[in-house]
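# Inside the fold
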Amino acid sequence: MRTTPIRASLLGAFFALSSLNLSAQGWDAATKATSWAKQDKDDSFTFADPATRTLYTWMRDGGLMGNVPLTKLEGSPERWLLDPRNDAWVVSGTTLTQLDRTGRIVTTLKLPAEVGDLCWDVKGFVLSYRTVEPYLEKRDFKGNLLWSFGAKPTRNSDTSPRFRRPVVTDDQGLVAMADGPSLNLSVIDGDTGKKLRETALMLPSGQPAPALEGSPTDRGPIVTWPGKSIVLAALKASQIPAALRETTTGLALARIDLSRSRVEFFPTGLDETHILIGVLDSDAVFVSPKGGLLLVKLK
């Protein structure tokens, strides 16, 4: 398979890969993004640039929308978001820091554990902690706790594995959480923190979705396809059971159709170092480790 900076053809009919070759004034995510990010409701993305210690907010159609300097932040940013005032909330280790748009530190909060992922809506943000058992917190944009889900971890010397449980908020404000080797998702009410259900996913053959193989502690990101009842989960091909993996290598996608309780696996043509960050129109968006964004066509 040949790959060019502009387009690559993939084995199979479901995906086409292309570079997101779009211009922006100044810093341009299309060519420079290297960090984790998560798609906002307006289809913007906020990236952390280690070279300038700055958060950059960028849109495909609008280019660079704004930035927040992180020069006063202690430690390296691990997860972050911008609130409705364009203040940044940044996780570093077990510290949550609020910075205004000038980079001035407004609030610093200690967290009960390291954060594995986060998501947000108009009312606040959900922190998914890297813990032995699932534990989520939702906080408002002043840092106040709105609800928690699961048992709050205690600080001790327990050496049990800590799981990263990726989370995402859908169009209805529901929170979906992936956990461990199961492809099924926990669906949680974003207003109350109450678990509403656990999906019971089936393969196209009608068989129950199998457990993933290998270590389940570091699950890849999950994102929603806006306007559709579909969640995409990034997986290492080696995590897919061999009978379903076929010739897929590198990074794969699990396409989870919540309306049909169905899951299918597809190759991306990318290696495992790429980061899934969202969906624009009918394209999954990935960050390249070499810098820039790549699109994988979805069907």
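Residues numbered from 1 in each chain as written. Predicted model: local features only at pLDDT ≥ 70, side-chain atom pairs only at ≥ 80, totals over all residues. Heavy atoms only, no water.

### Observations concerning the overall build of the chain
Within the chain one finds two helices and 24 strands. For 299 residues, the compact-globule estimate of 2.2 N^0.38 gives 19 Å, and the C-alpha radius of gyration of the chain, at 19 Å, lies within 12% of that figure. With the C-alpha coordinates of the chain rotated into their principal frame, the extents come out at 50 × 45 × 35 Å. For the chain, the residues scored as buried account for 53% of the 299 residues in total. Within the chain, contacts between residues at least 6 apart in sequence are counted, and of these 45% link residues at least 24 apart. About 13,800 Å² of surface is accessible on the chain, with carbon and sulfur atoms providing 51% of the total. Each charge class in the chain can be summarised by its mean position, and for the 36 positive and 33 negative side chains these summaries are 1 Å apart. (Helix = DSSP H or I, 4+ residues; strand = E, 2+ residues; numbered from the N terminus. Rg over C-alpha atoms; globule rule 2.2 N^0.38 Å. Buried < 20%, exposed > 50% of the residue type's maximum accessible area, 1.4 Å probe, protein only. Contact = heavy atoms within 4.5 Å. Areas by Shrake-Rupley, 256 points an atom, 1.4 Å probe, with all protein chains shown as cover. Lys, Arg positive; Asp, Glu negative; His and termini not counted. Charge placed at Lys NZ, Arg CZ, Asp CG, Glu CD.)

### Points about the pattern of salt bridges
For side chains of opposite charge, pairing can occur when their charged atoms come near one another. Considering all chains together, one arrives at 16 salt bridges under this definition. Taking the shortest distance from any N to any O, the salt bridge between Arg 85 and Asp 83 comes out at 3.2 Å. For Arg 85, a relative accessible area of 39% gives the class partly exposed. Taking the relative accessible area as the measure of exposure, Asp 83 reaches 3% and is therefore buried. (Salt bridge = Lys/Arg side-chain N within 4 Å of Asp/Glu carboxyl O.)

### A closer look at the packing of aromatic side chains
The final tally for this structure, using the stated rule, is seven aromatic pairs. On the numbers, 5.1 Å between centres and 85 degrees between planes, the contact of Trp 36 with Trp 80 is edge-to-face. Residue Trp 36 is located in the loop between helix H1 (29-32) and strand S3 (45-49), and its partner Trp 80 is located in strand S6 (residues 79-82); the two are separated by 44 residues in the primary sequence. Residue Trp 80 is classed as buried on the basis of its relative accessible area, which comes to 3%. On the numbers, 5.3 Å between centres and 40 degrees between planes, the contact of Trp 89 with Phe 125 is tilted. Within this pair, whereas Trp 89 is found in strand S7 (residues 88-92), its partner Phe 125 is found in strand S11 (residues 125-129), the two being separated by 36 residues in sequence. Site record: aromatic cluster; members linked through ring pairs are Trp 27, Phe 45, Phe 47 and Tyr 56. In this structure, Lys 228 is placed above the aromatic ring of Trp 225, and the distance from its NZ or CZ to the ring centre is 5.0 Å. (Phe/Tyr/Trp six-rings, centres within 6.5 Å; stacked < 30°, edge-to-face > 60°. Lys NZ or Arg CZ within 6 Å of the ring centre and 35° of its normal.)

### Section: the environment of Glu 78
Note that Glu 78 resides in the loop between strand S5 (63-69) and S6. A residue is classified by how much of its surface remains accessible, and Glu 78, at 34% relative accessible area, is partly exposed. Setting aside its immediate chain neighbours within four residues, Glu 78 contacts Trp 36, Val 91, Ser 92 and Gly 93.

### Some words on the pairing of strand S19 (residues 230-236)
When you tally the buried positions in S19, you get six out of seven residues, the bulk of the element. When strand S18 (residues 222-224) meets S19, the two strands line up antiparallel, connected through three bridges. Paired with Ile 222 across the two strands is Ala 233, which belongs to S19. From the end of S18 to the start of S19, which pair antiparallel, there are five residues, and Gly 227 there has a positive phi angle of about 85 degrees. In the sheet, S19 pairs with strand S20 (residues 251-257) via seven bridges, with the strands oriented antiparallel. (Pairing = 2+ DSSP bridges.)

### Quick word on the sheet that holds S5
The three strands are arranged S3-S4-S5 in an open sheet whose pairing can be described as antiparallel. At either margin of the open sheet sits one strand with a lone partner, and together these are S3 and S5. Across this sheet, the average inter-strand angle for adjacent strands is 25 degrees, counted without regard to direction. Bridge count for strand S4 (residues 54-59) against S5 is six bridges, and the pairing is antiparallel. (Axes fitted to C-alpha atoms, helices over the stretch in contact; angles between N-to-C directions.)

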